[in-house]
Amino acid sequence: MQVRKTFIGISRLLSYIRVAHTQNARCFVSWNQPKTSDWKKAVSEAEKIVGYPTSFMSLRCLLSDELANVALQVRKLVGTKHPLLKTARGFLDNGKHSLQTRGLMILLISKAAGAKSENMENVDHSADEMVSGIYPSQRQLAEITEMINTANLVHRGVVNLDTLKDTDGSLKDMEFGNKIAVLSGDFLLTSASTGLAELRNTKVVELVSMAIGDMMSAEFTSLRDRNGQGVLPEGVTFSCWERQTFLQSGSLLSRGCRSAMELAGHNEQVQMAAEEFGKNIAYARQMNEDLLPFANLGVDPNGILSSAPVIRYAEVHGPQSIDTFSGHEKIIATIIRDNETIEWCKEKCRDYGRKAITALDSFEPSEAKSALVNIVQATTAFKPVKS
Amino acid sequence: MATTVLSMSGTSIKMLNYCLKNDVCVHGMKTGFTGASLRRLSMYLKHSCHKTKKESLCTAKVRSHGLPYLGQRFKGRQAEKDLNSPSTHPYTLVENHLNGITCRIKQDLKAIDHELLHVSEYYFDGQGKLFRPMLIMLMAKAANFHETQMDRLLASQEKIAMIAEMIHTASLMHDDVIDAADSRRGKPSINQVWGQRKAIIGGDFVMAMASIELARIRNEDVVSVVAQITEDLVRGEFMQLGSKEREEERFTHYLNKSFKKTASLLANSCKAVAILGQCDEGVAEVAFEYGKNIGISFQLIDDLLDFTSCDHVMGKPTAADLKLGLATAPVLFAAKKYPELNAMIMRRFTEEGDVETARQLVAKSDGVAETRELAQNHSREAVRQIHTLTNSKYTTALERVADMVLSRNK
């Protein structure tokens, strides 16, 4: 398979990137959070149900000349501290399911919703056939969603040149890295746009464009500083966290799920249900991720200031209760001592999980639906993490 | 069309120019043209003039050795048309629609967080020339008149004009980061004020807002046409990253890149408004070709001005292209006379003194004049395209735009 060849070729190019080089890279996105065995099991089962492993989804665009060019350019970045290296490595890291779960969930919910039997007037499926219970347009949408997510990550890795420290390396390297990051992110976004245009459904274009707008807005809220690091503003409330999470990841997933329903011509009710599911599973995932540094002290605590437990604690105990200048360990310790905050967050996570599962009630029981439920449960179960 | 012209030898281009300027029948020329040049010229003229179904105002045939064509006058513009009257001034004709377009664009930039609002609205401050919306609206009116004999502008067509301006601005925001520009339109660039990161993400946001408005027009064909613009913009940037080793390929590569970076926006937007005006494919093609030729002409003049103008006129630094390592038309033309430029082009003017030497060599050569001539050809082609539409004050205005593009100095 040509995709595989290109993938192997490029991963060899990047294979000598040591994780050590990228450890201090200015990137707050945590890639290597340990996943529970429940989660891994749920996801690999789900992949079988949708018909092919989702780790290869966005790699199809790697076939293009542009991205082959980019790969060569990225090679020049080896040895620098530009975040694009870390993103690229994560992107090509075979086997880490965390990358592709958005697409996976869109595929699953497409399958769970089934074929459109009544009301076929709006939708012409004479040319399409379901493969493994999913329409080609829905698969395309899933791929587009992943492309958009990657593009967002790549663009968030652009570095502000005026705040470079000596430890970051040369200005020229960072400038070059920025250039490549901008171009590859742009390329992914326009590939997504043309892909959307091919779907011939302006409602879907509208929904996904709104999602892109939201993801970009997430960088301009009061919870992010200029460099994309999490900050804790005065007077923060938990609804700020919910808004931030919605903008960052909830919007893409919820609107993606809804669009998948739209593509199959499902009615408004089904679309709303899918949207609810997407939104709540996104909240649950983020909450789960935010809680990890508090359960397992080996986890990268970057971005902790805008995490749910910290925000909750600050909301309850007042604005002065968290000293943002003290180290991460101190903050973590403070919050762990106050068991209530952690428990509240876990319960909130379970609550999101319940809402997600409830949203699926209107769907017929099926393999795909069970897979979705399993994923939700794996996200909201809080067992000790094996590192 | 343009590629056909360019694949002709310089002699053929000069001949065409002479004929166009002097209204002379090609047949009457006594020169040492080879049969091949004449044949190519006749095919070009025949192809361009008889391309559309409507009867064209211009026909030309060439008599050459053994070719069965008879010479015929090349009809230029009609004498009666008053091309300088204020009633056909491009900007005036769509003034009502242009006024407040920036306000309407700002309404579409639905940002809640006030920093995002600042960043996304930064370049919609009324300082831009609004050249693209003006052109697109004129084309829309011309196409509408051609189709319905009514003088109107549809709301959806106006949207396209706004969307084009938003896409253009978003691409500028990204360009400034890629080119490390610290000022634009007389004020500090967004990356200068807010940092590279927010400039890029802000640009993505503006692009997303444009996409939302595009979707709300509810026309799938138009969505595809406009999506093509964004694809071309990015591919154009990638083309700029690489360079062709062989000289013959360089010019084609440069024109291709110019199309993608500049002309595609105009061409596809014009095509989109023609589609929205319920025009047939032929008219949509004409609109596309017009936009394309204007765009390429615009870019050529832009590249030319980079060599002839000075800082305070342009609002951005000059010889900028050389400093960025880009070889534009004047340099490529000059390289024919001064082959030493080729080595400099290959190394992207990175060596000490390269920029200055290149600038001087271009000044000494005919590079600038040849670029202008090529731009004129494209403007003329644009005018030829417009002549196939029903005559109206809008088609006249579009002809004036073709001239305006050539005579701008910033």
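All values reported here derive from a predicted model rather than from experimental measurement.

Undergrad: I'd like to hear about the overall build of chain B, residue by residue, with values.
TA: The number of helices and strands found in chain B is 21 helices and two strands. Just so you have it, chain B exposes about 17,400 Å², and 50% of that area is on carbon and sulfur atoms.

Undergrad: Quick one: what's the story with the interface of chain B and chain A, residue by residue and with numbers?
TA: The interface of chain B with chain A comprises 40 residues on the first partner and 44 residues on the second. On the surface where chain B and chain A come into contact, there are five salt bridges. Put simply, chain B and chain A have 13 residue pairs in polar contact (both at pLDDT 80 or more) between them. When residues of the side of chain B that touches chain A are traced back to their parent elements, those giving at least two are α7 (114-121), α9 (155-178), α10 (190-194), α11 (196-216) and α12 (220-241) of chain B. Partitioning the side of chain B that touches chain A into residue classes produces 20 nonpolar, eight polar and twelve charged.

Undergrad: An account of the confidence of the model for chain B is needed here, citing residue identities and associated values.
TA: All names here are of chain B. Per-chain confidence: chain B averages 82 in pLDDT, with 77% of residues scoring 70 or above. The model gives residues 23-33 a pLDDT under 50, and that stretch makes 22 contacts with residues more than four places away or in other chains. Here residues 48-81 is modelled with pLDDT under 50, and outside its nearest four sequence neighbours on either side it reaches 63 contacts, counting other chains as well.

Undergrad: Break down α7(B) for me, with residues and values.
TA: Looking only at α7(B), the buried set comprises Leu116(B), Val119(B) and Ser120(B). Burial along α7(B) is one-sided: seen end-on, the buried residues are contained in an arc of 95°. In the core, the buried residues of α7(B) are packed alongside α9 (202-217) of chain A together with α9, α10 and α11 of chain B.

Undergrad: Talk me through helix α15 (residues 367-380) of chain A; I want residue IDs and the actual numbers.
TA: For an α-helix, the turn length of 3.6 residues means that residues three or four places apart are oriented alike. Residue and element names in this part refer to chain A. Compared with the 20 Å implied by 1.5 Å per residue over 14 residues, the 20 Å span of α15 between its first and last C-alpha is a close match. In terms of burial, α15 is largely enclosed, as ten of its 14 residues are buried. Listed as buried for α15 are Ala-368, Lys-369, Ala-371, Leu-372, Val-373, Ile-375, Val-376, Ala-378, Thr-379 and Thr-380.

Undergrad: Give me the lowdown on a negative patch on the surface, citing residues and values where you can.
TA: Taken together, the side chains of Glu147(B), Asp280(B), Glu281(B) and Glu285(B) present a region of like negative charge at the surface. One can find Glu281(B) in helix α14 (residues 281-308).

Undergrad: For the packing of aromatic side chains, give the residues involved together with the corresponding values.
TA: Here the structure, examined in full by the defined rule, presents eleven aromatic pairs over all chains. Ring geometry for Tyr122(B) versus Trp194(B): centroids 5.4 Å apart, planes at 85°, classification edge-to-face. Here Tyr122(B), found in the loop between α7 and α8 (131-148), pairs with Trp194(B), found in helix α10; they are 72 residues apart in sequence, far enough to count as distant. Here the aromatic residues Phe238(A), Trp241(A), Tyr283(A), Trp344(A) and Tyr352(A) are joined through ring pairs into a cluster of three or more. Above the plane of the ring of Phe298(B) lies Arg132(B), whose end atom (NZ or CZ) is 5.6 Å from the centre.

Undergrad: Which residues make up the pattern of salt bridges, and what values do they have?
TA: Evaluated as defined, the whole model comprises 34 salt bridges over all chains. A salt bridge links Glu206(A) to Arg216(B), with the nearest nitrogen and oxygen atoms 2.7 Å apart. Here Glu206(A), found in helix α9, pairs with Arg216(B), found in helix α11, and the two come from separate chains. With a relative accessible area of 7%, Glu206(A) lands in the buried category.

The rules behind these values
- Residues numbered from 1 in each chain as written.
- Chains lettered and ligands numbered in written order.
- Predicted model: local features only at pLDDT ≥ 70, side-chain atom pairs only at ≥ 80, totals over all residues.
- Heavy atoms only, no water.
- Helix = DSSP H or I, 4+ residues; strand = E, 2+ residues; numbered from the N terminus.
- Areas by Shrake-Rupley, 256 points an atom, 1.4 Å probe, with all protein chains shown as cover.
- Contact = heavy atoms within 4.5 Å.
- Salt bridge = Lys/Arg side-chain N within 4 Å of Asp/Glu carboxyl O.
- Polar contact = N/O pair within 3.5 Å; in protein donor to acceptor, adjacent residues only side chain to side chain.
- Nonpolar A, V, L, I, M, F, W, Y, C, P; charged D, E, K, R; others polar.
- pLDDT = per-residue confidence, 0-100.
- Buried < 20%, exposed > 50% of the residue type's maximum accessible area, 1.4 Å probe, protein only.
- Arc of directions from axis to C-beta.
- Expected span 1.5 Å × (residues − 1).
- Patch = residues over 30% accessible without salt bridge, like charges linked within 9 Å, V, L, I, M, F, W, Y side chains within 5 Å.
- Lys, Arg positive; Asp, Glu negative; His and termini not counted.
- Charge placed at Lys NZ, Arg CZ, Asp CG, Glu CD.
- Phe/Tyr/Trp six-rings, centres within 6.5 Å; stacked < 30°, edge-to-face > 60°.
- Lys NZ or Arg CZ within 6 Å of the ring centre and 35° of its normal.

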